[in-house]
Each structure stands twice: as C-alpha cells, then as structure tokens.
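A structural walkthrough
So the chains spell out like this:
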Amino acid sequence: TEKKEIKYGPLTDKNRKDANMEAFRNYGLGQFIHWGLYAIPGNEWEGVSARKGAAASEWIRSWSGPNAPKNWIETYDNLYKQFNPKDFDAKRWAKQAKDMGAKYMIFTTKHHDGFALWPTKTTDYNITKTPFKKDVVKAVVDAYTAEGIDVYLYFSVLEWNNPDYFYKAPKTEAEKAKYNKFLQYTRAQLLELLANYPQIKGFWFDGTWDQAWVQSYDFTYNLEKELRAKHPGLIIGSRFRNDEFGKRHFDSNGNLLGDYEQGWERKLPKDYSWLDGNDWDAVMTIPPNGWGYMKDWSGLYTKTTDDLLDMLMQSVSMNGNFVLNFGPDGLGNMHPGEDKLAKELGDWMKVNHEAVYGVRHTDLPLSKLGYYTQKDSTTVYLTVFNRPVNNIARIAVAKNAKLVPVSAQILGDAKALEVKHADIGLDLDKQTYYDVYIPENYKSNRA
Ligand code: FHN
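Residues numbered from 1 in each chain as written. Predicted model: local features only at pLDDT ≥ 70, side-chain atom pairs only at ≥ 80, totals over all residues. Heavy atoms only, no water.

Labelled according to an unreviewed UniProt entry, the chain appears under the name alpha-L-fucosidase, originating from Sphingobacterium kyonggiense.

1. Focus on helix H4 (residues 136-146)
The criterion, for reference: For every residue, the accessible area obtained with a 1.4 Å probe (protein chains only) is divided by the maximum for its type, and the residue is called buried under 20%, exposed over 50%, and partly exposed between those limits. What counts as a helix is a DSSP run of H or I of at least four residues, what counts as a strand is a run of E of at least two, and both are numbered from the N terminus. By definition, residues are in contact when any of their heavy atoms lie within 4.5 Å. The term polar contact refers here to a pair of N or O atoms within 3.5 Å; inside protein, the definition further demands a hydrogen-donor-capable atom paired with an acceptor-capable atom, and it admits residues adjacent in sequence only when both atoms are side-chain atoms.
Taken residue by residue, H4 has Val136, Val137, Val140, Val141, Ala143 and Tyr144 as its buried positions. The secondary structure elements touched by the buried residues of H4 are strand S1 (29-33), helix H3 (90-100), strand S4 (104-110) and strand S5 (150-156). Sitting at the amino-terminal end of H4 is aspartate 135, which places a side-chain oxygen 3.1 Å from the backbone nitrogen of valine 137. Glycine 148 lies just past H4 and shows a positive phi near 80 degrees.

2. Points about the packing of aromatic side chains
Heads up, the condition is: Here the aromatic set is Phe, Tyr and Trp, taking the six-membered ring for Trp, and pairing holds for ring centres within 6.5 Å; pairs whose planes are under 30 degrees apart are stacked, those over 60 apart are edge-to-face, and all others are tilted. A positively charged side chain is recorded as over a ring if its NZ (Lys) or CZ (Arg) lies within 6 Å of the ring centre. The angle to the ring normal must also be within 35 degrees.
Throughout the structure, instances matching the rule amount to 38 aromatic pairs. Taking the centre distance of 6.2 Å and the plane angle of 65 degrees together, the rings of tryptophan 72 and tyrosine 76 count as edge-to-face. With tryptophan 72 and tyrosine 76 both in helix H2 (residues 72-77), this residue pair falls four residues apart, about one helical turn. Look at phenylalanine 203 and phenylalanine 205: their rings are 5.0 Å apart centre to centre, the planes differ by 35 degrees, and that puts the pair in the tilted class. Three or more aromatic residues joined by ring pairs make a cluster, and in this case those are Trp35, Tyr80, Phe83, Phe88, Trp93, Phe115, Tyr125 and Phe132. It is lysine 4 that lies over the ring of phenylalanine 245; its NZ or CZ is 4.0 Å from the centre. A cation sits over an aromatic face here: lysine 103 above tyrosine 357, 4.5 Å from the ring centre.

3. Quick notes on the site of the ligand
Here is the rule: To be near a molecule or strand, a residue needs just one of its heavy atoms within 4 Å of it. Every accessible area reported is derived by Shrake-Rupley at a probe size of 1.4 Å, with residue values counting cover from the shown protein chains alone. Each residue gets one of three labels, nonpolar for Ala, Val, Leu, Ile, Met, Phe, Trp, Tyr, Cys and Pro, charged for Asp, Glu, Lys and Arg, and polar for the others, Gly among them.
Every one of the 13 residues lining the ligand counts as a neighbour, but His34, Glu58, His112, Asp206 and Glu265 are closest to it. Between tryptophan 59 and the ligand, the recorded distance is 2.9 Å, taken from a side-chain N or O atom to an oxygen atom. Contact with the protein chains removes 89% of the 330 Å² of surface that the ligand exposes when unbound. Looking at the shell around the ligand residue by residue, the classes come out as six nonpolar, three polar and four charged.

4. Re the packing of H3 against H4
Condition: Convention adopted: a line fitted to C-alpha atoms gives each axis, helices being fitted over their contacting stretch, and angles between N-to-C directions are expressed from 0 to 180 degrees. Note that the term roughly parallel is reserved for angles under 35 degrees, roughly antiparallel for angles over 145, roughly perpendicular for angles of 65 to 115, and oblique for everything else. Helix crossings are classified by the rotation of the near helix relative to the far one: an anticlockwise turn of less than a right angle makes the crossing left-handed, while a clockwise turn makes it right-handed.
Running from amino to carboxyl end, H3 crosses H4 at an angle of 40 degrees, the nearest separation of the two axes being 8 Å. It follows from the interaxial angle that H3 and H4 lie oblique. In the packing of H3 onto H4, the handedness of the crossing is right-handed. Counting all contacts with H3, which are made through Ala90, Lys91, Trp93, Ala94 and Ala97, the residues of H4 involved are Ala139, Val140, Ala143 and Tyr144. Looking at the contact of H3 with H4 residue by residue, the classes come out as eight nonpolar, no polar and one charged.

5. Notes on the pattern of salt bridges
Which entries qualify depends on this criterion: When a carboxyl oxygen of Asp or Glu lies within 4 Å of a side-chain nitrogen of Lys or Arg, that pair is called a salt bridge.
By the definition in use, this model includes 24 salt bridges. The partner of glutamate 44 in a salt bridge is lysine 295, with the nearest N and O atoms 3.8 Å apart. Taken together, the positions of glutamate 44 in strand S2 (residues 44-45) and lysine 295 in the loop between strand S9 (280-284) and helix H8 (305-316) put the pair 251 residues apart, joining distant regions of the chain. Given the relative accessible area of 18%, glutamate 44 is considered buried. The exposure class assigned to lysine 295 is partly exposed, which follows from its relative accessible area of 42%. In this structure, glutamate 159 and lysine 110 form a salt bridge, with 2.6 Å as the shortest nitrogen-oxygen distance. Within this pair, whereas glutamate 159 is found in the loop between S5 and helix H5 (173-196), its partner lysine 110 is found in strand S4, the two being separated by 49 residues in sequence. Look at the salt bridges and you will find they share partners, linking Arg16, Asp18, Glu224, Arg228, Arg241 and Asp259 into a network.

Encoded structure:
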C-alpha cells in the first residue's frame, strides 16, 4: 500500500542510536510505582471492597453501583487532607529496587484523579496542601538516581476532576477556549516537571485516548517538539500523541509515534515479528489488574516469582523491557506480597543477570524449554523454565559451538565442551552433555 502523506508523524528516528536509548534497550528489568490518594482506601472503604464497583484500585474514585459509599467522589477528592505517609522513605524504596535488579523506574507524578505529587504552581490540588507537604516526586527522583536507577515520570493527561477537561472534542468557541486552558495547564505542568527534575530520562504518558486530546494533534505535536528541545535526549513513549488521522501509538503508515511502544500492558507479545523491530516495554501488575495499592489480595491469582521471571525472560528475549508494578499503601509501605517478590526476584537476578541485561533477540528456533537471549557474537543463554521430565535439555546449536553450563560456570568448574553434533543433550542437574541420538538421515542445517 502506498505511503500516506503525514504531517504529524514521528519526531524521532526508529531505534534511536543515542546513549539514552541504548541505555533504555539494555535495562531488561524496570519498576513501576503507582502512588497517590488511591493508596489511602487501598481498593476498599469502611470494610466494603470496591473490587466489584471500580475498574481497578487506582480507579476507585469512579466507584459506582449499589455498594459505593454515599457522596463517594466528594469523600475521595478530600482524601488529600489525610495524606500523611509517615513511613514514606524513598531511599528504602530505591534500595529495594536496586536489590531487585531494576535498572529504571516509572513513577506516577499525577494519575487520572488529577492530584499532583509535586508542588505544582498550576493547581492547589497538590502535595503541598496535604499534612505531608513535602515534594514526593523530588524525593523519589533523587533517591533512585542516587542508586543508579534511571527515572521516568508517569503523567496522566486525563483528569477526572478538572472542569476544563473534555472527553469529546469541544465544539463551541466557549468550549474551545475552556479546553485550550486545559491544554496550556498540561503544557505548564510538563515544563515544570522538566525544570524541577532534570535528572529524569523520560516520560511514560497515559490517559491520552479521549477525542478532545486526539483532535489536538497540532498542539501535541508541537508540545512534544518543545519538550524534546528543552531536554535533549528525552525519551517519550508512543502513548503521548497521535497523527492527524487519529492513529495512536503508530501513525497511519505504521511508524511508531515515540521512542518506545507502550501498548504492552498486562500482556506480552507472543512473537518477535509482532514488534516490527521497535523498542518497547511491557508493564505488569502482580494481581490480575489494579496498579494502585490493594489491601486485600485474597481470592485473586497474584503472580509468583516464577511467573514474573518467565515474563521477564520472554520480554528480553524479544528486545523488550519488563516493568513490574508496585502499589505502596497510604503510609508509604509496599504490600508484604510485593516485598517478598522483590526479594525473590533479586536473589534470582544476582545469579542470572548476565542473561538479562544488555541482551538481544537471537534468531534460533524458539525453544520449548524457555527463552534464548544473546549477549554477544559468541554467547547465547537459554533460560529454562520448562524442565523436561527426563531432565535432558536437547539444544540445537551450531556444530562447532562451545557449551558452558551457566550454573557450572557459577559453580566455578566451567566445562566447555566441543560439540560433535548439531543436537546435544544437557543434563540440567549434572550439567553434563550427551550426544543425543541423531537419525542417520538427519542432515544438520547448521554450518
Ligand atoms: O487507566 C490507567 C491505569 O489506571 C494504569 O495507570 C495503567 C498503567 O499502564 N494505564 C491506564 C490503563 O491503560
């Protein structure tokens, strides 16, 4: 199909080669933190669960239905008067993320409820009006940067509480003037975030699906240009804006609108070809859904360490980053289930990080045992999650490959083995290799 003439297409090249994007490509593992007023209720209120009444824990402001508390929105919008996280310690969070092996972190500066966790001059609905008062965003940016973890700021354009926000495109002149006030407010907030927190590496935009924003493609195109000019090397994902035909994430010619694809949320691509070579990250909740604090995990399947490691290796095997979400409670503590997972992931990463950081997709046939990641021209890792019942992992490799069992390597007796055949069997416990039977008529297709 012939290419469409697009005026509001990508502002950066695909697969940017600068240092910031190279670092992005090598992160492997990231941490998402959703924190805000929704952490106070923790998906319930006065003993009543919002699980049936709101789409997710950080959507609890939209709680409706028979068991929604009366005057709930008014109650929710006044929660800022209670926000006083006495246990909040950004350094502790950052240390935990470091021990887990996260290389970047995405933090909610403002979610759809419009409450700003930084001392913004654009609205009084911000952290300075709470008993806590202090700049949460600064504490987080400083603490994570000090640990060597790159920080990206999550920013929701959608604001449920803002009278100037429009879902449908404004029609009358008065409506257009009102919405333009909202657009200028949004621009002012983003310029504030860049000015206050220059250490950040990028933005993770959200809440950009409503028609009023979609039809503001001239404004958003120029705003992206301005943000990038203000902060050279800034990384912006594909959720920020759309082209003049309303195409989001990818423009009408299929080109990525941003530096990394943000469509993988609570789901992973099944095949490398789906990615069209674009950079991407996948963001994942531990419960089935719910990004903000959820007090009660009972009755939900919450992902185990093995589930998460499998997702991590699936992501990095396809040149993506895997970002695990944490939702601290109203006092600033992680859910105990999150603390446990962070520890277990970190223990695994300490042993296996070589197969995770700075790796790339390799074009070996997909393995039923787990995931291949390529470190360099001579090093390919196979991370096994599906242990064969006979404990022998059959691996098709190049004929002259040298095979060093990673755990043997870690145990210090690396046994490099000249491989005689195209297929070998590796005993996953004894770490010894066998020439597996190769039928006479087998013709190795590996040089
Ligand atoms: O509506 C939000 C949701 O609350 C959460 O922030 C996720 C995180 O990626 N993004 C939106 C849903 O796509």
